[in-house]
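Below, each chain spelled out in residue letters.
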Amino acid sequence: MGILETTAGKVLSAYSVFLFLTVLAQAAARRFSTNVLLFSLQSAIIAIQVAVIGYHEKLVEAYVVAALIVLLKVVGIPYAFFRLIEKLQSPREVISATSAAESVFVAVGIICLSYAAVRSYASGVHAPEDSLAASVALILTGAFLMVSRRKALVQMIGLLVLENGIFLAALTTTFGMPLIIEIGIFFDVLIGLLLMGLFVFRIRDTFDHLDVSKLRKLRG
Amino acid sequence: MTIALGVLQVVLLVIGAPLLRGIVGRLKAVLQRRRGAPIWRPYADIWKLLHKEDLVPPSASGIFGLAPLLLLVTSILATAFVPLLANSALLGSTGDFILLVYLLAFGRFFLALGGMDGGSAFGGMGASREALVSSLAEVPLVLGLVAVAIQASNASVVGMTEWALERNFFNISAVHLLAFLALGIVALAETGRMPVDNPATHLELTMIHEGMVLEYSGPNLALIEWAGAIKLSFMAGLLIALFAPWGMATTFSPAALGLAAVAMLAKTFALAVALAVIESGIAKLRMYAVPDFLGVAAAFGTLAVIFTALMKR
């Protein structure tokens, strides 16, 4: 048990570093499939975090939530994305308004900003500063991905990253929401994703591409 | 004893360097399902080149012959700063990481001059590209080293290694990870490896290092090849010393040194495997995408330095 305890403690103290790394890598990624894999990795880190908190606080519900995350975000959604890529057959590159280096610098700025934003707040709610900063950074980076990327598919990833951030914020401040709400949120995300998937198909069928910046002309 | 060990480490890094190159080449061949050359091939290459005639272009000046020698000397000097088996190095206490960075830059500067001195169009092109890549790689290299130095409150490589030795694997901080990423990318660029330069081909329009040394032949080329191999083993040694020094000998007993040697070989081999996987899995970047790639490294380095202030651990 001693080893488990120490490992759990180490995971709690080190996981935000790995979340920052996935955020930076997502900003740098040039291919859509890399972005999806990074999202899957990010969700896996969060699932481990949920399980560790469940072990720490002796919450059985947390294990259910962790299992749901693994099922949905680590396996399900990425698989759906890969199916989508196959069906859409659009070019694999991520078209971005900023270059890879600029995006990473923006992500660096976002991480510093989230530390600055969280600093005064973290001591008030007795939450670890690192994980609060990580959640704010996830939210902001998700928004940044949605703003800067030109293709509809990557913007979906941005939304999912943003949702990951909100989930993490809830987790670090209140040790997670009640199970029933958690399940409701998962279904929300799933339905939203389904709708966006349909929407992407419609965009492709009407405009023959997925570049959002070119959706200016009306077509019948 | 310390001096003997320091000399032994330098000799290991310098003499073993072509072997590391051969192993990486062999691993790449295995990954690509080719048979590949034997791992001793780089030694045979150097031996062969040393016995060939040295052809100097008629337009070349004295710098042309001087450049390979200076490159080799600076590379060997740089290896004298890297702890390998135990946490001491021959020149460990005499210089900090800034000296190290500019020793490398010195060698590259003269090689670029030599490339231009050869008088061919390819030499000039390769030299100007090398100048671009090295000036871009210098930023993340210095930033990554600065971040680690701030953490260790010590500017020498030996001091930084000592700081890392006191911590265990689980106590890695964000600074260490980010600095490792920055320095890893720089190591790929500095040694002319795959996403930046292709070490396997000799004649293509996008070559950087090979273009620069196109006019060299015979013993001079042998020196350049050897210096390139030393640079690779130096980078591997530096990464291991700064980020995973665990297993180094703390006493000078034969058992501890033997264990340290085994650990060092295992870590170097792991790095060689990683390098082979990266080189087989990634296509070479376009020349104009290289600044972007190194910019990512610079961002990692910047964040590492900022994190030293944020985390205070």
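Everything that follows concerns the structure shown earlier in this document.
All values derive from a computational prediction rather than experimental measurement. (Residues numbered from 1 in each chain as written. Chains lettered and ligands numbered in written order. Predicted model: local features only at pLDDT ≥ 70, side-chain atom pairs only at ≥ 80, totals over all residues. Heavy atoms only, no water.)

### Concerning the overall build of chain A
Summing up its helical and strand segments, chain A has seven helices and zero strands in all. Taking 220 residues into account, the globule formula puts the C-alpha radius of gyration at 17 Å, and chain A, at 18 Å, falls close to it. In terms of overall dimensions, chain A has a C-alpha envelope of 60 × 35 × 30 Å along the principal axes. Taken across its 220 residues, chain A has 47% of its residues classed as buried. Restricting to contacts in chain A with at least 6 residues of sequence separation, those with at least 24 account for 73%. Computing the positive centroid from 18 side-chain charges and the negative centroid from 14, chain A places the two 12 Å apart. (Helix = DSSP H or I, 4+ residues; strand = E, 2+ residues; numbered from the N terminus. Rg over C-alpha atoms; globule rule 2.2 N^0.38 Å. Buried < 20%, exposed > 50% of the residue type's maximum accessible area, 1.4 Å probe, protein only. Contact = heavy atoms within 4.5 Å. Lys, Arg positive; Asp, Glu negative; His and termini not counted. Charge placed at Lys NZ, Arg CZ, Asp CG, Glu CD.)

### Brief notes about the overall build of chain B
Within chain B one finds 11 helices and zero strands. Its helices and strands taken in sequence order, chain B reads α-α-α-α-α-α-α-α-α-α-α from the N to the C terminus. Taken over C-alpha atoms, the radius of gyration comes to 19 Å for chain B, in line with the 20 Å a tight globule of 313 residues would show. Burial status across chain B gives 53% buried among its 313 residues. If you take every contact in chain B between residues at least 6 apart in sequence, the share linking residues at least 24 apart comes to 81%.

### Section: the interface of chain A and chain B
Opposite the 20 residues of chain A that make contact, chain B presents 19 residues. Counting each side, the surface lost to burial between chain A and chain B is near 1,700 Å², with a carbon and sulfur contribution of 78%. Summed over the shared surface of chain A and chain B, the result is one salt bridge. The partner of R30 of chain A in a salt bridge is D292 of chain B, with the nearest N and O atoms 3.9 Å apart. Counting the contacts that link chain A with chain B gives two residue pairs in polar contact (both at pLDDT 80 or more). Looking at the side of chain A that touches chain B, the elements with two or more residues in it are α1 (2–28) and α4 (100–125) of chain A. No other element matches α4 of chain A, which puts nine residues into the side of chain A that touches chain B. (Buried area = accessible area lost by both parts, 1.4 Å probe. Salt bridge = Lys/Arg side-chain N within 4 Å of Asp/Glu carboxyl O. Polar contact = N/O pair within 3.5 Å; in protein donor to acceptor, adjacent residues only side chain to side chain.)

### What to know about the packing of aromatic side chains
Scanning the entire structure with this criterion turns up 10 aromatic pairs over all chains. Taking the centre distance of 5.4 Å and the plane angle of 85 degrees together, the rings of F109 of chain B and F110 of chain B count as edge-to-face. Given a relative accessible area of 16%, F110 of chain B falls into the buried group. Here the aromatic cluster, defined as three or more aromatic residues joined through ring pairs, consists of F20 and Y115 of chain A together with F307 of chain B. Geometry around Y55 of chain A places K58 of chain A over its ring, the cationic atom sitting 5.6 Å from the centre. A cation sits over an aromatic face here: K73 of chain A above F167 of chain A, 5.3 Å from the ring centre. (Phe/Tyr/Trp six-rings, centres within 6.5 Å; stacked < 30°, edge-to-face > 60°. Lys NZ or Arg CZ within 6 Å of the ring centre and 35° of its normal.)

### Notes on the pattern of salt bridges
Residues and elements named next belong to chain B. Counting across every chain of the model gives 11 salt bridges over all chains. With a shortest N-O distance of 2.8 Å, R193 and E279 are connected by a salt bridge. On the criterion of sequence distance, the pair formed by R193 in the loop between α7 (174–190) and α8 (209–212) and E279 in helix α10 (residues 254–281) is long-range, its members being 86 residues apart. According to the relative accessible area criterion, E279 is buried, its value standing at 3%. Within the structure, one salt-bridge network assembled from shared partners comprises K28, R193 and E279.

### Concerning the nonpolar core
Within the largest apolar cluster, 120 residues are counted, with the highest numbers of intra-cluster contacts made by L24, F32, V50 and F81 of chain A together with F307 of chain B. Sort the elements by how many residues they give to this core and α7 of chain B lands first, with 11 residues. Apart from residues lying up to four places away in sequence, V50 of chain A is in contact with A62, V65, A66, I69, F167 and L171 of chain A. In terms of nonpolar packing, the next biggest core, distinct from the first, is built from 25 residues, V14, F64, F110 and L223 of chain B among them. (Core = buried A, V, L, I, M, F, W, Y, C linked by side-chain atoms within 4.5 Å.)

### Details of the layout of surface pockets
The computed volume of the largest pocket comes to approximately 1,600 Å³. As for the largest pocket, its lining consists of 43 residues, and the residues nearest its centre are L188, P195, I278, I282 and F293 of chain B. If you list the elements that add at least two residues to the lining of the largest pocket, you get α1 and α2 (32–57) of chain A together with α1 (2–31), α7, α9 (218–243), α10 and α11 (290–311) of chain B. One number sums up the size of the second largest pocket: a volume of about 1,200 Å³. Lining of the second largest pocket is provided by 50 residues; of these, R21, R41, P199, A200 and E225 of chain B occupy positions nearest its centre. Breaking the lining of the second largest pocket down by element, the ones donating at least two residues are α1, α2 (41–50), α3 (62–79), α4 (97–117), α5 (121–152), α7, α8 and α9 of chain B. Of the residues that constitute the lining of the second largest pocket, the class distribution is 22 nonpolar, 12 polar and 16 charged. (1 Å grid on protein atoms, 1.4 Å probe; cavity = no way out; pocket = protein on both sides within 12 Å on 5 of 7 lines; lining within 4 Å. Points joined across faces, edges and corners; volume = space filled by probe spheres on them. Nonpolar A, V, L, I, M, F, W, Y, C, P; charged D, E, K, R; others polar.)

### Describing the environment of A80 of chain B
All names here are of chain B. Within the secondary structure layout, A80 lies in the loop between α3 and α4. Separated by 12 residues in sequence, A80 and P68 place their C-alpha atoms 19 Å apart. Beyond its immediate stretch of four places on either side in the chain, A80 contacts V10, A89, L90, L91 and G92.

### Quick look at the side chain of R193 of chain B
Owing to a relative accessible area of 7%, R193 of chain B belongs among the buried residues under this scheme. The contacts of R193 of chain B, once residues within four sequence positions are left out, are R21, V24, L188, P199, L232, L275 and E279 of chain B.

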